[in-house]
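Next come the chains, spelled out residue by residue.
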Number of protein chains: 2
Amino acid sequence: MNAKLQWLRNKMASLDLQGLIITNPINIQYLTNIEAEGIFLLTRKENIYITDSRYIEQVHSTLTLFDEIIVYDAHDVSKEDYENFFLFCENVGFEEHNISYAKYKEYLRKFKIHNFIETEFIIEKQRMIKDEEEIHNLRKACEITDHCFNYILSYIKPGMTEKQIANEIEEYYKKRTDGLAFDTIVASGENTSKPHAVPTERKIQEKDIITIDMGCKVNGYCSDMTRTFFVGEVPEAIKPVYDLVLKNQKQVGEQYKDGANTRLLTRMVESDFKLYGYDLVHSLGHGVGMEIHEVPYMSHNSDTQLRENMVVTNEPGIYIPGKFGVRIEDTVQITKFGCINLTKSGKNYIVI
Amino acid sequence: MNAKLQWLRNKMASLDLQGLIITNPINIQYLTNIEAEGIFLLTRKENIYITDSRYIEQVHSTLTLFDEIIVYDAHDVSKEDYENFFLFCENVGFEEHNISYAKYKEYLRKFKIHNFIETEFIIEKQRMIKDEEEIHNLRKACEITDHCFNYILSYIKPGMTEKQIANEIEEYYKKRTDGLAFDTIVASGENTSKPHAVPTERKIQEKDIITIDMGCKVNGYCSDMTRTFFVGEVPEAIKPVYDLVLKNQKQVGEQYKDGANTRLLTRMVESDFKLYGYDLVHSLGHGVGMEIHEVPYMSHNSDTQLRENMVVTNEPGIYIPGKFGVRIEDTVQITKFGCINLTKSGKNYIVI
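Everything numeric in this text was worked out from a predicted model, so none of it was measured.

## Section: the side chain of Thr 226 of chain B
Residues and elements named next belong to chain B.
Moving on, step 1. Among the structural elements, Thr 226 can be located in strand S11 (residues 225–230).
Moving on, step 2. A polar contact is formed between the side chain of Thr 226 and the side chain of Asp 213, at a distance of 3.1 Å.
Moving on, step 3. A polar contact is formed between the side chain of Thr 226 and the side chain of Glu 329, at a distance of 2.6 Å.
Moving on, step 4. Beyond its immediate sequence surroundings of up to four residues, Thr 226 is in contact with Thr 211, Ile 212, Asp 213, Arg 327, Ile 328 and Glu 329.

## Observations regarding helix H1 (residues 3–14) of chain B
Since one α-helical turn is 3.6 residues long, residues separated by three or four positions face the same way.
All names here are of chain B.
Moving on, step 1. With twelve residues, H1 ought to run about 16 Å at 1.5 Å a step, and its terminal C-alpha atoms sit 17 Å apart, in line with that.
Moving on, step 2. Every buried residue of H1 is listed here: Leu 5, Leu 8, Arg 9 and Met 12. On an axial view of H1, the arc spanned by its buried residues comes to 100 degrees, and they lie on one face. More than 90 degrees from the buried face of H1, the exposed residues found are Ala 3, Ala 13 and Ser 14.
Moving on, step 3. The inward-facing, buried residues of H1 contact strand S1 (19–22), helix H2 (25–32), strand S2 (38–42), strand S3 (47–51) and helix H6 (122–128).
Moving on, step 4. The backbone nitrogen of Lys 4 has a side-chain oxygen 3.0 Å away, supplied by the residue at the start of H1, namely Asn 2.

## Thoughts on the interface of chain B and chain A
Moving on, step 1. At the junction of the two partners, chain B supplies 30 residues and chain A supplies 29 residues.
Moving on, step 2. A combined buried area of about 2500 Å² lies between chain B and chain A, and 51% of that area is made up of carbon and sulfur atoms.
Moving on, step 3. On inspection of chain B and its partner chain A, the count reaches four salt bridges.
Moving on, step 4. One salt bridge in this structure joins Lys 174 of chain B and Glu 170 of chain A, with 3.1 Å as the shortest N-O distance.
Moving on, step 5. Between chain B and chain A we count 18 residue pairs in polar contact (both at pLDDT 80 or more) in total.
Moving on, step 6. Looking at the side of chain B that touches chain A, the elements that each hand over two or more residues are helix H3 (56–62), helix H5 (101–110) and helix H8 (162–176) of chain B.

## Focus: the sheet that holds strand S7 (residues 185–188) of chain A
Note: strands within a sheet are paired through backbone hydrogen bonds, in either parallel or antiparallel orientation.
Residues and elements named next belong to chain A.
Moving on, step 1. As summarised here, the arrangement of the three strands in space is S7-S8-S11, forming an open sheet in which the pairing is antiparallel. Each edge of the open sheet carries a strand with a single partner, namely S7 and strand S11 (225–230). For this sheet, the mean angle separating the axes of adjacent strands, direction not counted, is 10 degrees.
Moving on, step 2. Of the pairings in the sheet, the one linking S7 to strand S8 (residues 209–214) comprises four bridges and is antiparallel in character. In the strand pairing of S8, Ser 188 is matched with Ile 210.
Moving on, step 3. Helix H7 (residues 132–155) contacts S8 and S11 of the sheet and is inclined by roughly 20 degrees relative to S11.

## Side note on H2 of chain B
Residues and elements named next belong to chain B.
Moving on, step 1. The buried fraction of H2 is high, at seven of eight residues.
Moving on, step 2. Taken together, the buried positions of H2 are Ile 26, Asn 27, Ile 28, Gln 29, Tyr 30, Leu 31 and Thr 32.
Moving on, step 3. Of the residues that open H2, the one with a side-chain oxygen 2.9 Å from the backbone nitrogen of Ile 26 is Asn 24.
Moving on, step 4. Of the residues flanking the end of H2, it is Asn 33, one or two places downstream, whose phi is positive at about 70 degrees.

The rules behind these values
- Residues numbered from 1 in each chain as written.
- Chains lettered and ligands numbered in written order.
- Predicted model: local features only at pLDDT ≥ 70, side-chain atom pairs only at ≥ 80, totals over all residues.
- Heavy atoms only, no water.
- Helix = DSSP H or I, 4+ residues; strand = E, 2+ residues; numbered from the N terminus.
- Polar contact = N/O pair within 3.5 Å; in protein donor to acceptor, adjacent residues only side chain to side chain.
- Contact = heavy atoms within 4.5 Å.
- Expected span 1.5 Å × (residues − 1).
- Buried < 20%, exposed > 50% of the residue type's maximum accessible area, 1.4 Å probe, protein only.
- Arc of directions from axis to C-beta.
- Buried area = accessible area lost by both parts, 1.4 Å probe.
- Salt bridge = Lys/Arg side-chain N within 4 Å of Asp/Glu carboxyl O.
- Pairing = 2+ DSSP bridges.
- Axes fitted to C-alpha atoms, helices over the stretch in contact; angles between N-to-C directions.

In structure tokens form, the structure reads like this:
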């Protein structure tokens, strides 16, 4: 059995869970490398993956004997099989955030479960701390993102549309990685005032402000970086906002370290923005791993300690509706005494 | 209020629902055109969309007065507001397949709901029957898919990899549509034996068999088509299987019409495959619309009547593990007396 699965079984024992039903496909992939549709059961003694005939071949070619995972075609699992999987289990855990209410009811009945226990992101919390191989993949994804950004700065010319630039980024990534980690944001002019802008047919103009939020996937792991930059010159009206965002991104970045509290970090930026009459309208950051957004979330609602080898973003932004917005974002690795920027593109005024 | 929303309100009345919480983003988009993260509430008298600050601007620019939808920033909704939304509602519906168990519990508490009622795909069922504009978009997506397939037949040469071909399809779509409806399947040689193959670095060889399953999106609506074809010649060993799949695809297609039962249609193909020693390992088809897979599902587990202006696939396939597979799929529109193929690419032996 692999180390991740062994860790999870120990965790289950400490929580007095004799069984566990895992329904989040990302968690299943994390534990088993299986990328398919199915559910993963940890029973008293066995690890069981139930899928359907579409995926059986593919799943078998992913697994090795070492994995100690039994694969079933759902078609061959009888009513009695389902009832026997957790036969002597007092408590069976489930992923309450990753199972629909309808499936919850179905499983309760089908598996004849005695106590069905919410597990509160048990595996997501395990995933927060990245091992060496995971860090390697994240680092690689960030490195390619830096290269891509550098390339795209030389590519952009007035007259190009936002969509065209987004496509070029996708092309770049597709040749070198597993593809996009999320839909690229390319926003220009007043579109930058929308934090989640979708690329439009708007053409880049002289003296434009441009925000690009981009990331790719390498071996299943994501990168995430945002830069706001300028065509020809930096408009005087934007400078104070850019400076304020950058100052905060750097200041708070210095506090990203093992033991730091996510709420306090967020408050730091919020307070400074407030002093100048601005709000931090979205969260300060989020974990990055197999998912582009994962725990820990960094906002005034969260209350988590950062830990060594978490990988998270640092992305303050200010948005002035109908006018413009500025966001600066890095993906960073938390260490004992600080953090390491995995995305390393320059952050002083960038003018193309 | 638009016609779709009016229809839904009438349906609610007939089910004695005084309120409804809609959490499926596709259903929200269908009813409101809003593409964002949020929830949509139908209270006694109001239509309320609750989102967060990231999307407020974008949502406001989507809606018109005619929509009669009130938009809230979740940040500004108080505990009391939540408790008041469904104050005089005896029964409030929810989407049990599109809400996590955790959210179900949270909403029950937060909205102080009296009777929380499962609505059994109420909106998905409404979405099964396409209106004129939806059919127009589906038709367009299928037309471009035919053109793309035609182009790709001339593009493929021995020595190219499956990935390269999949990328070319994506490029084609991206220039002409909203992009892919799903990850394109390009499988060659023995990879065709996996119904859900992922494109690999395998190079196309002389005398190869190739299966491509492809589709794009136009104004939010999908197309879905599969063809299996050959390089240089059709191997004698494959001909009987190809012929059997094609015969069944045509025969069952003639039975696709208003009133036909999805289970019986599936059984028709299953029985004929069985006669020759083969299984139908996946379903015969599925609805196509804003989602690439939606109700009605056509399998031996389903028991639905096809209705005029449903749009569904017809996709029998035979897969011989480790050897090869053949699937032929069209997207079709159901009419009173038959069906109209929306994808029209040829289905006799295709040799490149």
